[in-house]
Amino acid sequence: MRPVNRIDPNLPVGAYQTYAITRRRDLTVRAVCEQVGCEAWRNGWDSVIDERTELGTAQAAYIRTQSRRTFRETRTDAGMTVFRFESGQRCFADHQTVPELYVVRDGDHRGNPTGRKRLHTRAADWVEDMAENQLRLVENQRKG
């Protein structure tokens, strides 16, 4: 691993706050297509169904009556049914992702002297917290 090149801090460790986005490697949660960058969600997709089989009949019936998705239905010369789903709607896959943790803790790379750590549940809250901290730093710098 490459060594980290850091500038020596001018202030004591307690004068700093660290903002980090991390993940727990051992936890996965269900996710929607948009969260995982699903190609079917982004571009739309075709489901080609052979309704001459029992499975195909069941799949086509599900798509038509229970899927709650918008589609166009066509037939191929070979007798297959093609369901064309437009982009921007949930696909049929069950997606999983590792959730991000939005952490703010006292200190810097040298440690956390107070042990205080906050965990934001939403990225927007973490960003707002960091922006407010940056504004405080700028105001303090102007004051001298």
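See the structure shown above.
Residues numbered from 1 in each chain as written. Predicted model: local features only at pLDDT ≥ 70, side-chain atom pairs only at ≥ 80, totals over all residues. Heavy atoms only, no water.

Undergrad: Explain the pairing of strand β3 (residues 45-49) to me, please; I cannot follow it from the model alone.
TA: If a strand is regular, its side chains alternate between the two faces of the sheet. With burial as the criterion, only one face of β3 is covered, namely that bearing W45, S47 and I49; the residues D46 and V48 on the opposite face remain uncovered. Of the strand pairs in this sheet, β3 and strand β5 (residues 81-85) are connected by five bridges, and their pairing is antiparallel. Of the residues in β5, the one forming a bridge with V48 is V82. (Buried < 20%, exposed > 50% of the residue type's maximum accessible area, 1.4 Å probe, protein only. Helix = DSSP H or I, 4+ residues; strand = E, 2+ residues; numbered from the N terminus. Pairing = 2+ DSSP bridges.)

Undergrad: Explanation requested: the sheet that holds β5 in the structure shown.
TA: In any sheet, the strands associate via hydrogen bonds between backbone groups, in a parallel or an antiparallel arrangement. The three strands are arranged β3-β5-β4 in an open sheet whose pairing can be described as antiparallel. Among the strands making up the open sheet, the edge pair consists of β3 and β4 (71-75). Neighbour-to-neighbour, the strand axes of the sheet open up by a mean angle of 20 degrees, direction not taken into account. (Axes fitted to C-alpha atoms, helices over the stretch in contact; angles between N-to-C directions.)

Undergrad: Please clarify how the sheet that holds strand β8 (residues 117-120) should be interpreted in this entry.
TA: Taken in spatial order, the three strands make up an open sheet running β1-β7-β8, and their pairing is antiparallel. Edge positions in the sheet fall to β1 (17-23) and β8, since each has one partner strand and no second. In this sheet, neighbouring strand axes are inclined to one another by 25 degrees on average, regardless of whether the strands run parallel or antiparallel. With seven bridges connecting them, β1 and strand β7 (residues 100-106) associate as antiparallel partners. Each bridged residue has a counterpart across the sheet, and for R23 the counterpart in β7 is E100. In the packing of helix α4 (residues 123-143) onto the sheet, the strands contacted are β1, β7 and β8, and the crossing angle to β1 comes to about 160 degrees. (Contact = heavy atoms within 4.5 Å.)

Undergrad: Is there a simple way to explain the nonpolar core in this structure?
TA: Soluble, globular proteins show a tendency: their nonpolar side chains are buried together. Counting ten residues, the largest nonpolar core is built from C33, C38, A40, W45, I49, A60, I63, F83, F85 and C91. Secondary-structure elements contributing two or more residues to this core are β3, α3 (54-65) and β5. What F85 contacts, discounting residues up to four positions off in sequence, is G44, W45, S47, I63, R69, T70, F71 and F92. (Core = buried A, V, L, I, M, F, W, Y, C linked by side-chain atoms within 4.5 Å.)

Undergrad: Looking at this model, I keep getting lost on the packing of aromatic side chains. Mind explaining?
TA: Each aromatic ring pair is described using two quantities: the centre-to-centre distance and the angle formed by the ring planes. Per the stated rule, a full pass over the model turns up eight aromatic pairs. Centre to centre, the rings of F71 and F83 are 5.3 Å apart; their planes meet at 80 degrees, and the pair counts as edge-to-face. Placement of F71 in strand β4 and of F83 in strand β5 is noted, with a sequence separation of twelve residues between them. By relative accessible area, which is 25% here, F71 ends up partly exposed. With a centroid separation of 5.5 Å and 85 degrees between ring planes, the pair formed by F85 and F92 is classed as edge-to-face. Owing to a relative accessible area of 0%, F85 belongs among the buried residues under this scheme. Each residue in the set W45, Y62, F71, F83, F85 and F92 is aromatic and connected to the rest through ring pairs, giving one cluster. (Phe/Tyr/Trp six-rings, centres within 6.5 Å; stacked < 30°, edge-to-face > 60°.)

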